[in-house]
Amino acid sequence: MSVLVLDNVVKSFGNFKAVDRISFEVEQGTVFGVLGPNGAGKTTTIRMITNILIPDEGEIQLFGEPVNPVHQNRIGYLPEERGLYKKIKVIEQLIYFGQLKGLTRSFAQKAANQWLFNMDAKDWGNKKIQELSKGMQQKVQFISTILHSPDLLILDEPFSGFDPINVEILKKIILDLKDSGKTILLSTHVMEQVEQLCDNIVLINKGKIILEGNVRKIKRNFGRDYVLMEFEGSDSFLDDLHNVKFINRTKNRVEFRLNNADYTANQILQNAIDKKAEVIRFELVEPSLNEIFIDVVQKTGGENE
Amino acid sequence: MSENTSKIMTIIKHEYITKVKTKGFIIGTILGPLAIVIVIGAVIVVTMLSMDTGIKKIAVLDRFGKFGSQLVASDTARYYLTDLKESELKDQVRNEEIDGFLILPEDILENNTATVYTRGGGGIGFIESIESSVEHFSRIERLKNAGLNTDVIDIVEKGINIETEKVTEEGVQKDHTEAFAVLGYILGFAIYMFMFIYGSFVSRGVIEEKANRIIEVIASSAKPFEIMMGKVVGIGLVGLTQVLFWILLMFVLAFAGQPLLNSFISEPAIMTPGMMTPEQMEIQAQFGMVKDFLGSGILIGFLFYFLSGYFVYSTIFAAIGSAVDQEQDAQQLMMPVSMLIIIPMLFISVVMTNPDSTVSVILSLVPFFTPILMIVRVAATQVPFWQVALSVVLMIGTFFACIWVASRIYRVGILMYGKKPSIKDLIKWVRL
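Computed from a predicted structure; not experimentally measured. (Residues numbered from 1 in each chain as written. Chains lettered and ligands numbered in written order. Predicted model: local features only at pLDDT ≥ 70, side-chain atom pairs only at ≥ 80, totals over all residues. Heavy atoms only, no water.)

Our next topic: the sheet that holds strand E2 (residues 79-81) of chain B. Residues and elements named next belong to chain B. Here we have 4 strands laid out as an open sheet, ordered E2-E1-E3-E4, and mixed in their pairing. Pairing within the sheet leaves two strands with one partner each, and these edge strands are E2 and strand E4 (115-118). Strand-to-strand twist in this sheet, taken as the mean axis angle between neighbours without regard to direction, amounts to 25°. Sheet topology places strand E3 (residues 100-104) next to E4; 4 bridges connect them, and they run antiparallel. By the bridge assignment, Phe101 is partnered in E4 with Tyr117. Most of the contacts of helix H4 (residues 86-94) go to E3, to which it runs at about 155°, and overall it touches strand E1 (58-62), E3 and E4. (Pairing = 2+ DSSP bridges. Helix = DSSP H or I, 4+ residues; strand = E, 2+ residues; numbered from the N terminus. Axes fitted to C-alpha atoms, helices over the stretch in contact; angles between N-to-C directions. Contact = heavy atoms within 4.5 Å.)

So this is what it looks like as structure tokens:
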């Protein structure tokens, strides 16, 4: 079942078309990545899903009906720019946000305490936000997003500001939520996280979708033209290569892409052996999502503004 | 309860409780009346001190020769007779030996003119008091010349004090016109303070939510209109709590304070029941006034104009707060709105002294001025019913218009970051 459907959605600000005919569907129980360079129209898209903005054209369906304010209670939204009331106690703040999502006071309080406990933060309840470190504040903010156990969770750069340990905790929570049937919309610039978490993605640039689909399929379709090589001895064979795009080149290790190069992988390997390089490893791999991102975005004209 | 009322109620409760629990509010509510008493006391002391320093030494050169000595006798602290020449007196003024001199010319009765020479200034009150004394004595002189005897002149010159009584359905009562005019001033001033202080609470709250990026989370949970009105109503209720607490305090003082004060003064051994000492009668009168106020429509008027004024201005303040990224940027947009609150303060004494004049009526019916000026009139005079009704209708209309405009600005403003908007931008957002 599709939890979220966008159908030809358009949103303009004055003469600027922030979102230009975007359509996609998000299945229940999946993690869906919304990717794109800065200013691509991701935040505007998310704001329309959360009913903060109304589309100029097109339709957004949530849980099988046109989006309306009642849906807000079933959505949890973690904006990229975080913020909490500095002078209010953690527990009061969580209760308030929970109540705004339709929870009763007592239920919100119970849920808040439970999550503070789960996230190793059970002693923070009576502290004011300004007494907490940045990372602790991020945790509180994350709890406020999931407190009301939303069916659709929208996370915009959820891992920024967290240390590696907490990033792992967060990833685990996200995957647990997914397993329990919740749907997650994830927007991030960290492609590694997308590869780890997302089932499907859309890549947006200049308000339009330039790439979409299953992460595995996208990588497969992009072709195996990504070469990883380790060797000893002379690397002079590398200097003969033209039209090859080097990604990492060190003395004994190189990564490059063959995109439209004049050589096949076999020819390069042959050349290396001819030039007396001792090849330890030669592998044709799928490109990383990072590579695909850069490649596709550059083809459509880089960042906005 | 529907979805929307429960959300707006949540916001109202949150705004109310977080504000009421602050130390600032509790201290302000308790110490507020004390501060007011101190300020009023200070004003009275300063006024009395400034009255004393007004006396100036004036030499009287009596060329007319009829009432110079009587004039001096009427106020020896100020006047003294002199035989010096005009030019010598001028020198003395120039050398600051005397403050000034008054010439009563021979033809004073024909030309109706006497001249005061000073180094300049002295104040209108100073000139007026000389004028009225000279006028008084020259009038007696004229009456004498017309052949009236001193008995008749005494009768003519007898002054009258006007005591005011007001006739109401309950019969004739002691009228506190003067005291109530001052009361009107105080109430008008209180509304002015409330609109500014609580209005800025609203704008500061809106800016805090925007600057700390809380607003986007809240906006994904409730409609912008609910968020704005929840804040405005919640903080308004905080103000109402404070006002009601103070009114309650007045009730307690008025009804419990009088017997308490009486018990300090009375001497039960000598006094027969039902009789009062003059001190007690004075206290009785004072408390009677407070009771009159508490029982009158003034109180209801005050609450209405206070609330409606607060709503009109706080919604505008909310809109301005939503448009800027930080408090400093708000100043420029606040200016014209602040002017609307300050302008009635410039007219408040005019309205207080002449509450029934056409100017007062018109000014008090301008919606943005109504909260401050109408309460002054309501206290100071019997405002015709149609004027009160009209002002109520206009205030409610303005209130809804302001909510409409402000919520349209707010809706756009809370999501706009980066550039400092002009008034022109705000107008554009309303139309968006």
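This part is about the interface of chain B and chain A. Note on interface size: it is often stated as the accessible area lost on association of the parts. Contacts between the two partners involve 20 residues from chain B and, on the opposite side, 23 residues from chain A. Interface area for chain B against chain A, summed over the two sides, is near 2,200 Å², with a carbon-plus-sulfur share of 58%. If you look at where chain B meets chain A, you find 2 salt bridges. For the salt bridge of Arg213(B) with Glu81(A), the shortest nitrogen-to-oxygen distance reads 3.9 Å. Inspection of the region where chain B meets chain A yields 10 residue pairs in polar contact (both at pLDDT 80 or more). (Buried area = accessible area lost by both parts, 1.4 Å probe. Salt bridge = Lys/Arg side-chain N within 4 Å of Asp/Glu carboxyl O. Polar contact = N/O pair within 3.5 Å; in protein donor to acceptor, adjacent residues only side chain to side chain.)

The next thing to look at is a nonpolar patch on the surface. All names here are of chain B. On the surface, Ile26, Ile27, Ile30, Leu31, Leu34, Ile38, Phe245, Leu249 and Leu253 cluster together into a nonpolar patch covering about 840 Å² of accessible area. Within the residue set of the nonpolar patch, elements represented by two or more residues are helix H2 (23-52) and helix H10 (224-265). Per element, the largest residue contribution to the nonpolar patch is 6 residues, and it comes from H2. Residue placement: Leu249 occurs in helix H10. Relative accessible area serves as the criterion here: at 34%, Leu249 is assigned to the partly exposed category. (Patch = residues over 30% accessible without salt bridge, like charges linked within 9 Å, V, L, I, M, F, W, Y side chains within 5 Å. Areas by Shrake-Rupley, 256 points an atom, 1.4 Å probe, with all protein chains shown as cover. Buried < 20%, exposed > 50% of the residue type's maximum accessible area, 1.4 Å probe, protein only.)

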